[in-house]
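Chains, contacts and geometry: an overview
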Amino acid sequence: MVSCRDVEPQLSLLIDGLLSADEESRVRTHVSGCHSCRGLLADLERLRVVTRQMGPIAPPEHVWLEVAGQIRLTHPSAPVASSSGRPALQWIGLAAALVLVTVGVYFFQRTKAIEAPGVVTTARQPVRGLAAED
Amino acid sequence: MNGPVLAHADLALAERCQANIPGAFEEVYRAHAPRLFGVICRLVGRIEAEDLLQETFLSAHRKLGLYKGESALGTWLFRLATNLCIDHLRSRSGRWSQMTQGLDDEPDSGGTNSGPVLGVIDRLDLERAVAGLPPGARLVFVLHDVEGFEHKEIAEMLEISDGTSKSQLHRARLRLREMLAAHRVNSGGRS
């Protein structure tokens, strides 16, 4: 007589198709007459069906950006990202370049102005004139 | 029939990556990252999964020269990712016995219940239950039941015997059944 204790570890092997014909017949005979083992077998099969639905998970976008950034750091000549696939990044790059140019022009003009103080004095004179009139 | 054609296309893509053709490596990433992220999430948990996915692709970029097209690129990447996860779990848990701790000591729940205890299983509840398994049992369960590896392959990957892989899988399934049944009772049997 086969007991539940003997059969229970074999139920997983049964649903995976890993038992020999003799073993399978022995287990199935027990299961057909045992409510408890039949219940366990039904649950294991149900679990297996849902497990098969566990599919891919989309990673957050920043993971790719970090991967691409790391590769660029270690291989500066390697163009890892496609040139046309990231319009948003291209706009960000363009905006950053524009800010750099604006800041550059500002500092260049400021430096020029400091080097030529006469120009500043002349520019401020009308203001002083107005103050004097007051 | 599709196998060699696919491997040939994969090899061509790998060569394009090595030749630094713009967008080639991104193509590899976009094609394979979701499946790899799924398995990494289930093996090590969501919090550490992003770092390990990143590490997988950086390692792939370094080792692409070793890919000779004997298997699909997806399989090659998958091995890379699972090996990183196994190393990660080993470094965290130490020996195999520690990785399966909490599963070996408990009595099997199978024979003590009468009839089926699970109703409709919600996939998210199952994801949560899988995350609650000890690391060793989780590895065997995910590799076998989710990813379709055979016990022999799992045994090689984890350096355990076929028998250990089979018994861990059965215990993992029993534990999942137990956790899902408890959740069903706690939520008023809604699922």
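Residues numbered from 1 in each chain as written. Chains lettered and ligands numbered in written order. Predicted model: local features only at pLDDT ≥ 70, side-chain atom pairs only at ≥ 80, totals over all residues. Heavy atoms only, no water.

1. Re the interface of chain B and chain A
Interfaces are frequently sized by the accessible area removed from exposure as the parts join. Each side of the interface is counted separately: chain B has 51 residues, and chain A has 43 residues. For the pair chain B and chain A, the summed buried surface comes to about 4,000 Å²; carbon and sulfur atoms form 65% of the total. At the boundary of chain B with chain A, the tally comes to four salt bridges. With a shortest N-O distance of 2.7 Å, Asp43(A) and Arg177(B) are connected by a salt bridge. If you look at where chain B meets chain A, you find 12 residue pairs in polar contact (both at pLDDT 80 or more). Of all the elements in the fold, those that place two or more residues in the side of chain B that touches chain A are helix H2 (24-44), helix H3 (46-63), helix H6 (123-131), helix H7 (135-146) and helix H9 (162-186) of chain B. At 12 residues, H2(B) tops the list of elements feeding residues into the side of chain B that touches chain A. Taken together, the residues that form the side of chain B that touches chain A break down as 24 nonpolar, 14 polar and 13 charged. (Contact = heavy atoms within 4.5 Å. Buried area = accessible area lost by both parts, 1.4 Å probe. Salt bridge = Lys/Arg side-chain N within 4 Å of Asp/Glu carboxyl O. Polar contact = N/O pair within 3.5 Å; in protein donor to acceptor, adjacent residues only side chain to side chain. Helix = DSSP H or I, 4+ residues; strand = E, 2+ residues; numbered from the N terminus. Nonpolar A, V, L, I, M, F, W, Y, C, P; charged D, E, K, R; others polar.)

2. Describing the confidence of the model for chain B
Residue and element names in this part refer to chain B. Across chain B, the average pLDDT comes to 86, with 84% of residues at 70 or higher. Highest mean pLDDT in chain B belongs to H3 (96); lowest belongs to helix H5 (residues 96-99) (63). We note a pTM of 0.72 for the whole complex and an ipTM of 0.81 for its interfaces. (pLDDT = per-residue confidence, 0-100.)

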